[in-house]
Every structure is written in structure tokens, then in C-alpha cells.
Amino acid sequence: MPLLMGTANYTNPSLSPDGKYLAYVGPSKGSSVYNVFIKQLPPASRFASLAGKHQGLFETEGTAGDKQVTFDKKRGVTSYFWLWDGSGIIYQQDADGDEKYHLYLVPLQSLMAGQRPKVKDLTSFKGVRVDEVFRDKDHPRQVYVTMNKDNPARFDLHRIDLDSGKVERMLVNPDPIIYWYFDSNFTLKGVLSYNNSDGSKYMLVRDKPGNYNTSSWRRLFTWSFGDDGQVLGFNKAGDQLFVASSVGRDTTEVQAISIQPGATVLRRIASNPYADMDDVIFDSDTWEPQMVAFNYHKSQWTIIDPALKALGTRLEEFKPGFEVELAGRSKDRQTLLLRYSNSNSSPSWYLYRQGKWPPVLLLEDRPELRPYSLAASRPVVITARDGLQLPAYLTLPILPAVPKDLPACIAGPVPDLRGAGTGAGKPPAQITTERSSSSSSSSSSSGKPSCKPLQLQLPMVLLVHGGPWARDYWDTNSQVQMASNRGYAVLQVNFRGSTGFGKRFLNLGNGQWGVGTMQQDLTDAVQWAIKNGIADPKRICIAGGSYGGYAALAGLTFTPNLYKCGIDMYGISNVATTMKAMPPYWGVIRFRFYKRIGDPVSNATYNQQISPLFHVDKIRSPLMIGQGANDPRVIKREADQIYKAVKQRHPNMDVEYVLYPDEGHGWMRPDNKLDWALRMERFYARHLGGRVGPDIQVRGSSAQLITKV
């Protein structure tokens, strides 16, 4: 279990701007707490000797000579950025999960001189949250941040001088501004705001430089509620704006639009009929998009820049069956950091120096997993009762009776995004679908008469993603691998309301919580697994975090005969009390929550209809609850009240409530992650009958077993 759920040896590397150093995250010596370290990369001659080796630089040369940059002793540091001049590392951190992030700077001059660096808290304001941080390659000694220092409900724009530490408020947020956009001079040129009266988003731009607070701002365009859109940034000249827009179409298209009145579309850069834009990589010198990713089941890159086409194809072919991501590059663009990943191996990171083929393995997140066989997640498409196709992932345990490939009639019409989209002026190609290697291809995705069930009847975990305006991805998920290793099938469903599959798919989830079609999609997915002989109908558990925790509670209350057990991780039990307890700074998007969910605050009848708390009398199956005491999104009361209600109604039912006093919305500390995974493993085993590994005592966990609230 520690191999999957414990502290990784090293992860999240980042290339220095000059390409000579690699920062990464790893545990401090003698501890499970993550901190940032820096490794000096060897010369090109040394890299040449590592080419083609299965062991990476970190395994062959070790980490003893690396320099520790941060020295946190409790929560750890996992996310950070280089300053553009390479002189320091900046990172954000909160206190025990309260999400009141401060911004810290670690100057590296003393580190290079052999001394321990001193961390500077750049925003040492009590109770204040730093939300966004903006850096610029040509202005490395200053950053812009948004924080709610003067009003807890509003994020104002501040500039921080990294040499003096001076913090200067540059713009008082006049509207519900949520995103900020700078031009090539590192000057604020545009903002995206919400209209809380109708849920629309609108873009404001400045035509002339000057004081941010007194400048004239002009509305460029408005996206109505229901249209999906994302502003990506200005071009270098500042006369065009790159956006991903679904206006007039279903999936988002990357476009360049004029910033003149009318916002004319000047270029249609890339789109795909199956999926929204998932990621964009820009050239830091020209400010032009070079690559656009679309993701239905797996990430597929559309290369826009002709200069990258040959290299992009070569990098994809370097590790067939893996997704490749350009994770970083040096300022001169001669050194690239690459991340390769799939669903059944630890992510691996490679360094490629232009003209020095092949890429060289630097590290794997968890190289100790290499000798073990991990289960592959299979993309499937499940047809809901109303005909909507649901992208999903099925992971089957590695057992003699389990086939390596699913029959196509069970897997469903899994689309192949290659050639289906547009990019760099290419017209739409004919849409194709992937097919399983099985000979059977004569049935619908729901496994109708011509499709023979697999007859596996495995215990199954339905793992529901959070958000709900988010999605599941094809990757190596530690929870999935843990359950699969213990003998369970795992099903992950992108139910309606999930993001990434077009605005129709997203908007079909509006007002459909609890007893609506969002939960029905999960029920239909379970029935699909049963009908196709994958799942044993008497051994199915529903589990998830955040919205997934809500869905687990909804599954146990609204479909009590479908699940043998449920696991609620920081999930909503009463929708109205959650909405009332929203952090002040969520006020700018409150209307969109009401449009997506409904209004449970003013409509008590509706709230009782969709909130599991009012239906605990229907629960028939055991429940495990996990909660962070400092969660500002789904507060502790949500866990307290569902635990109390279930125990009062069913005093003899197996209900386990675990509280982590030093966590928030999810577990950050590795010891707590491991402790929770072990508890999940034992809970699954009690109620689904799977395998249990050796008993491990996690001494560093803060877990408290709650028996009375």
C-alpha cells in the first residue's frame, strides 16, 4: 500500500529558465513531508551515456548532492514556480487546509553559496487569501497577485516588488472580476467578469495605458450563461485576443479575435467535434499558440506551429501507448522537459535537448512500482437511458479470467480524435471510432442481445469524480490501482454536467442533482456493468470526494438497493447549508451555482428533495465518512450532520467517521493519505470481500475516529 499511496520518491519536476537545473518535489530526509529540491543537471556528454537506459538520472546518480530549497515540517510544499531570471522559487501555502494561501519566496543566492536559504512570506496578512499569481519573462523582479486583503469577498490586484518586498494595490476590483490578462509589457489590459443577475461572463479591455482605477474600460463581448468559453490571453501586439469559445457551436474552438468593437473572429485555430479544448501551449517569445490539446478519453495534441510538427510526431512515437506532455522548456527553447504517462505505470519525466535524440529519462514518480503489474484503464462509452453517450473508464483487476481487451460491443463507440478536428487551416476530417481488438463489433454500447456478457461478476467500486463541473482522466490513479489490486473492478463515469465534452453535455446537468439525470447516469453505468457480466450486483460500492461524496450519499439514499456500501469523502449532505456556508469570495459565482444546481436555499422543498440528509431512513448499506476539519468548501458540519442522522436512525449500522484536524478539502499530508487508503481497503474488504494487505500503523497521521457529534 505505501508504494501506491505513500510519499513518492520525487515528483513534479520543473526546468530552470536557463536549462541547467531541475527543481523537484520529494520527501525531506527522515520524513514523509514533501519539500522542494534542486538538482544541477550534468553536461551533455553525461546525458549521452544515459540515452536509452531504463534507469533514469535520479536512480543512477542519486540525490545526495541535491540542494533542499524549502523546509516545511508539516503540510509540505508540492506546487511552486521558478522566477524567470532563475534567482528564486515562489510557492503558495495555506494553514492546515484553510485555503487562505500566502505567497512565499525562496531566494537562491545563499543556496548556491552553500547556505540554507531563508523563506520570505511576501503576503504576511492574517486571514487573507492569495488567489492568482502572475509572472512575466521580461519583468522577473515583480509579480502581480490577486488577494482579498481589504475585502474578504473581493480579490483586488496587487503588485509585489521582489527586491524590496513592497506590496502595492493596483486596482480595486470594481466588478466581480474573476480573471485578469496582461499584455507583453506586463500591463493589465483585460479582465473577465461575471454578471450575477443572469450568469453571463463579459470581457472588458483597456485601449490606453494609465492608472488602472481611472482608466476607461470597454466591454468587448459577452458570453451568455450556457455558452462555454475561456480567455487564453493577448497576442504580442495586443490587438488580438485568443479565446476558446463555444458560441455558435457545441465544443470550444480556439480562436483569435479582434479587440476592436464587434470582436470579429480573425482566425479559427483548432477545434474537435468530440471534445473541448483541454490545454494550449504558447510560444513565450511570439505569444502565438503552438499546440492545442483535446481530450475525450485520451489527450490528443493538434500541432499549430509547423516548426514543431516533425518533433511532435517523433515524441509521440517515442513511447507508443503513452500520452506526452511538454511540461517545460528553457528560455532559449533548446531544452525540453517531457512528461509521459498512461493508466498503468508511474509517470516518467524525460529531458530532450534539441538535436540530441533520443530524450533521456530523468525520473519516475514511483520507480519502485516498476516490477509490479498495474491494471490498465479501458476507455468505454456507456449509453444512458435517454440515449446520451457517457465517456467512462473501466479498470479490471489482473486475474486469469479477466480478458485483456473488451469486446467492441461492450466498450461502445469510443471515438478516435486523430483526424477528427481542425487545426492550422485543416478542414474537418471524417469522424472515426476506435475498435477493440475483439472480433465482436455488432452491438450497441449497452451490450444488447448480440453481445455476450463477460460473466466476470466482480465486486466493483463506482468511483465518482468531484466538481461536479470537472471530469475523470485517463491516468494512473492511486485509488483505482489500490482497489484493482485488491480484486475490484473500478468504474469512473463522466456523467452529464462533466466538463470537456461540449456545452450540451455540460448543460444537460443543470438542475439534475440527487434524483435527477446526473445521478441516473451513475445508476445506468452500474446497470451497464451488471448486464455485461462485469459486476456482481450484490457487491457494488459507490465512493467519491466532494461532489463525488455527495453522489455516494445520494446513491445510498435514493437507490438504496443498488449499493452494498458507500464512501463519502468531504461530500455535501445538505445542499442548502453548503450554499449558505460558501466562502465570501465565492459570491461572484453564486448565481452560476444556482443556475447549475437550482435554488435550495429559498426552496426548502427542493432542498429536501435533493439532499441526502433528509432521506437517511432509506439507507440500507454501511457508510464511511472522511472529512477535513478546516474544509472551507464543504464544511465539517456536513459530515457531522449526516453521521449523526444515520446513527440515530440506524444505531447498529456500520458507519465509520474519520476526521483529520489538519486537513481541508482533501488530504494533503502523505501520512493522512496513506491512513485513509488503509481504512478504505479494510472497509471494502468488510463489505465487498476483497483482499487486504498487511496491517500498517501510520504514526504520523492525525486521524481521529469520531463516535459522537
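Residues numbered from 1 in each chain as written. Predicted model: local features only at pLDDT ≥ 70, side-chain atom pairs only at ≥ 80, totals over all residues. Heavy atoms only, no water.

- The protein chain goes by Peptidase S9 prolyl oligopeptidase catalytic domain-containing protein in an unreviewed UniProt entry, where it is assigned to Tetradesmus obliquus.

Brief notes about the side chain of Ser28
Moving on, step 1. The residue Ser28 is located in the loop between strand E2 (21-27) and strand E3 (34-40) in this model.
Moving on, step 2. Overall, the relative accessible area of 11% leaves Ser28 in the buried class.
Moving on, step 3. Ignoring any residue separated from it by four or fewer positions in sequence, one finds Ser28 in contact with Val33, Asn35, Phe37, Gln68 and Asp72. (Helix = DSSP H or I, 4+ residues; strand = E, 2+ residues; numbered from the N terminus. Buried < 20%, exposed > 50% of the residue type's maximum accessible area, 1.4 Å probe, protein only. Contact = heavy atoms within 4.5 Å.)

Focus: helix H14 (residues 636-649)
Moving on, step 1. Taking 1.5 Å as the rise per residue, H14 with 14 residues should run 20 Å; its terminal C-alpha atoms sit 20 Å apart, in good agreement.
Moving on, step 2. Those residues of H14 not exposed but buried are Glu638, Ala639, Asp640, Gln641, Ile642, Tyr643, Ala645 and Val646.
Moving on, step 3. Buried positions along H14 lie against helix H10 (547-558), strand E36 (565-569), helix H11 (575-580), strand E37 (623-628), strand E38 (655-660) and strand E39 (704-706). (Expected span 1.5 Å × (residues − 1).)

Some details on the confidence of the model for the protein chain
Moving on, step 1. Taken as a whole, the protein chain shows an average pLDDT of 92; of its residues, 95% reach a score of 70 or greater.
Moving on, step 2. Contacts for the low-pLDDT stretch residues 425-449, under 50 throughout, to residues beyond four places or in other chains number 55 contacts. (pLDDT = per-residue confidence, 0-100.)

Topic: the pairing of strand E19 (residues 253-258)
Moving on, step 1. Within E19, 6 of the 6 residues are buried, leaving the element largely enclosed by the surrounding structure.
Moving on, step 2. Of the two faces of E19, both are covered, the one formed by Glu253, Gln255 and Ile257 as well as the one formed by Val254, Ala256 and Ser258.
Moving on, step 3. One ladder, built from 6 bridges, connects strand E18 (residues 240-245) with E19; its direction is antiparallel. Counterpart to Ala244 in the pairing with E19 is Val254. (Pairing = 2+ DSSP bridges.)

Details of the state of the cysteines
Moving on, step 1. Under the definition given, this model contains 2 disulfides.
Moving on, step 2. Across the protein chain, the way the bonded cysteines pair up, counted in sequence order, is 1-2, 3-4. (Disulfide = S-S within 2.5 Å.)

Digging into the sheet that holds strand E14 (residues 188-194)
Moving on, step 1. Spatially, 4 strands are ordered E13-E14-E15-E16 in an open sheet, and the strand pairing comes out antiparallel. Unpaired on one side and paired on the other, strand E13 (177-182) and strand E16 (217-223) mark the two borders of the sheet. Going across the sheet, the axis of each strand differs from the next one's by a mean of 20 degrees, ignoring polarity.
Moving on, step 2. One ladder, built from 5 bridges, connects E14 with strand E15 (residues 201-206); its direction is antiparallel. (Axes fitted to C-alpha atoms, helices over the stretch in contact; angles between N-to-C directions.)

Some details on the pattern of salt bridges
Moving on, step 1. Going through the model one piece at a time under the given rule, you end up with 36 salt bridges.
Moving on, step 2. Between Asp150 and Lys149 there is a salt bridge, and its shortest N-O distance comes to 3.8 Å.
Moving on, step 3. Between Asp207 and Arg218 there is a salt bridge, with the nearest N and O atoms lying 2.7 Å from each other. With Asp207 in the loop between E15 and E16 and Arg218 in strand E16, this residue pair connects regions lying 11 residues apart in the sequence.
Moving on, step 4. With relative accessibility at 46%, the residue Asp207 sits in the partly exposed group.
Moving on, step 5. One salt-bridge network, held together by shared partners, links Lys149, Asp150, Arg154, Asp156 and Arg169. (Salt bridge = Lys/Arg side-chain N within 4 Å of Asp/Glu carboxyl O.)

Overview of the environment of Arg620
Moving on, step 1. Following the sequence through the fold, Arg620 ends up in the loop between helix H13 (604-610) and E37.
Moving on, step 2. Linking Arg620 and Ile257, residues 363 residues apart in sequence, is a C-alpha distance of 55 Å.
Moving on, step 3. Excluding residues within four positions of it along the chain, Arg620 makes contact with Pro560, His650 and Met653.
Moving on, step 4. At 3.1 Å, the side chain of Arg620 and the backbone oxygen of Lys618 are in polar contact. (Polar contact = N/O pair within 3.5 Å; in protein donor to acceptor, adjacent residues only side chain to side chain.)

Observations concerning the packing of aromatic side chains
Moving on, step 1. The final tally for this structure, using the stated rule, is 33 aromatic pairs.
Moving on, step 2. Seen in terms of ring centroids, Phe221 and Trp223 are 4.7 Å apart; in terms of plane orientation they differ by 45 degrees. Their pairing is tilted. Assigned by exposure class, Phe221 and Trp223 land together as buried.
Moving on, step 3. Considering the side-chain rings of Trp513 and Tyr547, the 4.8 Å spacing of their centres and the 75 degrees angle between planes classify their relative orientation as edge-to-face. One end of the pair, Trp513, is in the loop between helix H8 (503-507) and helix H9 (517-531); the other, Tyr547, is in helix H10, with 34 residues separating them in the sequence. Accessibility assignment for this pair places Trp513 and Tyr547 in one class, buried.
Moving on, step 4. Counting every residue linked through ring pairs, the aromatic cluster contains Trp469, Phe495, Trp513, Tyr547, Tyr550, Trp586 and Phe593.
Moving on, step 5. Directly above the aromatic system of Phe125 lies the positively charged group of Lys149, at a separation of 5.2 Å from the ring centroid.
Moving on, step 6. Seen from the ring of Trp357, Arg314 lies directly overhead, with NZ or CZ sitting 4.0 Å from the centre. (Phe/Tyr/Trp six-rings, centres within 6.5 Å; stacked < 30°, edge-to-face > 60°. Lys NZ or Arg CZ within 6 Å of the ring centre and 35° of its normal.)

Quick word on the UniProt feature "domain: Peptidase S9 prolyl oligopeptidase catalytic" (unreviewed entry) in the protein chain
Moving on, step 1. Residues annotated by UniProt as "domain: Peptidase S9 prolyl oligopeptidase catalytic" (unreviewed entry) correspond here to residues 474-690.
Moving on, step 2. Span residues 474-690 is 43% helix and 15% strand, its end C-alpha atoms 24 Å apart. (UniProt positions renumbered as here; feature names shortened; annotations may be inferred.)

Structural notes on the packing of H9 against H10
Moving on, step 1. With their axes 11 Å apart at the nearest point, H9 and H10 run at an angle of 75 degrees to one another. In terms of their interaxial angle, H9 and H10 are classed as roughly perpendicular. Along its contact with H9, which presents Met518, Gln519 and Leu522, the element H10 presents Tyr547, Ala551, Ala554 and Gly555.
Moving on, step 2. Classifying every residue of the contact of H9 with H10 by side-chain character gives 5 nonpolar, 2 polar and no charged. (Parallel < 35°, antiparallel > 145°, perpendicular 65-115°, else oblique. Nonpolar A, V, L, I, M, F, W, Y, C, P; charged D, E, K, R; others polar.)

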